[in-house]
Amino acid sequence: MKLSDVIADMILEMFDDETPTVQIQRNDLAAQLGCVPSQINYVITSRFTPEQGYRIESRRGGGGCIMITRATKDNAILSLINSIGSEIDEKNAKNHLYNLNYQNLLSDKAGQMMLAVISDNNFKGLPENIKNKIRANQLKQMLVTYFS
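Residues numbered from 1 in each chain as written. Predicted model: local features only at pLDDT ≥ 70, side-chain atom pairs only at ≥ 80, totals over all residues. Heavy atoms only, no water.

Draft legend 1. Seen up close, the pairing of strand 1 (residues 21-24). Covered by surrounding structure in strand 1 are Val-22 and Ile-24 only, the residues Thr-21 and Gln-23 on the alternate face being uncovered. The pairing of strand 1 with strand 3 (residues 65-70) spans four bridges and is antiparallel. Among the inter-strand pairings, Gln-23 is bridged to a residue of strand 3, identified as Met-67. (Buried < 20%, exposed > 50% of the residue type's maximum accessible area, 1.4 Å probe, protein only. Helix = DSSP H or I, 4+ residues; strand = E, 2+ residues; numbered from the N terminus. Pairing = 2+ DSSP bridges.)

Draft legend 2. Main features of the packing of helix 1 (residues 3-14) against helix 3 (residues 37-47). Where helix 1 meets helix 3, the axes come as close as 10 Å, and the angle between the chain directions of the two elements is 70°. Judged by the angle between their axes, helix 1 and helix 3 are roughly perpendicular. Between helix 1 and helix 3 the crossing geometry is right-handed. For the pair helix 1 and helix 3, the contacting residues are Leu-3, Ser-4, Asp-5, Ile-7, Ala-8 and Ile-11 in the first and Gln-39, Ile-40, Tyr-42, Val-43, Ile-44 and Arg-47 in the second. For the contact of helix 1 with helix 3, the per-class residue count stands at eight nonpolar, two polar and two charged. (Axes fitted to C-alpha atoms, helices over the stretch in contact; angles between N-to-C directions. Parallel < 35°, antiparallel > 145°, perpendicular 65-115°, else oblique. Left-handed = near helix turned anticlockwise from the far one by under 90°. Contact = heavy atoms within 4.5 Å. Nonpolar A, V, L, I, M, F, W, Y, C, P; charged D, E, K, R; others polar.)

Draft legend 3. Representation of helix 1 within the structure. The end-to-end C-alpha distance of helix 1 is 17 Å, a good match for the 16 Å that twelve residues give at a rise of 1.5 Å each. Taken together, the buried positions of helix 1 are Ser-4, Ile-7, Ala-8 and Ile-11. For helix 1, the angular spread of the buried residues around the axis is 95°, confining them to a single face. Against strand 1, helix 2 (26-33), helix 3 and strand 3 lie the buried residues of helix 1. (Expected span 1.5 Å × (residues − 1). Arc of directions from axis to C-beta.)

Draft legend 4. Region of the structure containing the pattern of salt bridges. Counted by the stated rule, this structure contains five salt bridges. Note that Glu-57 is salt-bridged to Arg-59, the shortest N-O span being 3.3 Å. A relative accessible area of 33% means that Glu-57 is categorised as partly exposed. Looking at Arg-59, the relative accessible area reads 41%, which means it is partly exposed. A salt bridge links Glu-128 to Lys-131; the shortest N-O distance between them is 3.7 Å. One end of the pair, Glu-128, and the other, Lys-131, are both in helix 7 (residues 128-147), three residues apart, so they sit about a helical turn from each other. (Salt bridge = Lys/Arg side-chain N within 4 Å of Asp/Glu carboxyl O.)

Draft legend 5. How the structure looks around the sheet that holds strand 2 (residues 54-59). With respect to topology, three strands assemble into an open sheet ordered 1-3-2, the strand pairing being antiparallel. Two strands in the sheet have a free side with no partner beyond their single neighbour: strand 1 and strand 2. The mean angle between the axes of side-by-side strands here comes to 20°, regardless of whether they run parallel or antiparallel.

Draft legend 6. Looking closely at the state of the cysteines. All told, the structure shown has zero disulfides when counted by the stated rule. Free of any disulfide, Cys-35 has its nearest neighbouring cysteine sulfur in Cys-65, separated by 17 Å. Accessibility expressed as a relative area gives 7% for Cys-65, which makes it buried. (Disulfide = S-S within 2.5 Å.)

Draft legend 7. Quick look at the packing of aromatic side chains. Tallied over the full model, the rule gives three aromatic pairs. Ring geometry for Phe-15 versus Tyr-54: centroids 5.8 Å apart, planes at 50°, classification tilted. Within this pair, whereas Phe-15 is found in the loop between helix 1 and strand 1, its partner Tyr-54 is found in strand 2, the two being separated by 39 residues in sequence. Each member of the pair, Phe-15 as well as Tyr-54, carries the same accessibility label: buried. Ring geometry for Phe-48 against Tyr-54: centres 4.9 Å apart, planes inclined by 75°, an arrangement best described as edge-to-face. Residue Phe-48 shares its accessibility class with Tyr-54, and that shared class is buried. Site record: aromatic cluster; members linked through ring pairs are Phe-15, Phe-48 and Tyr-54. (Phe/Tyr/Trp six-rings, centres within 6.5 Å; stacked < 30°, edge-to-face > 60°.)

What follows is the structure in structure tokens.
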């Protein structure tokens, strides 16, 4: 398992149903894991993004910390749908679906069906910008339908 996975898993374990916000002392966590503090920053900025349903707040000075707040399910889905925009490529669409599944917001079966729908195989012969527009519309519609 990669160090970034270990860090992400440790942070995720800090959350529970009654704790939507966790406070992390970056230097303490880095010392505990035997890594540099910038590795903690990397994991936080890449795995705990608004698109994935998290809000990050950094507090500086005297024992500063990083606060990670998990959005409610509805807010996370709404943020994701809004972040898709008018176009999305296959790679980014897949990443969004994998993240929803990883957060247990999307079932394996629904995720597999959505992956099949957004696959580039369904858009052969179309210009890239048209593929990405259709894919974005389909993905947003599937997410709205699934979560309503």
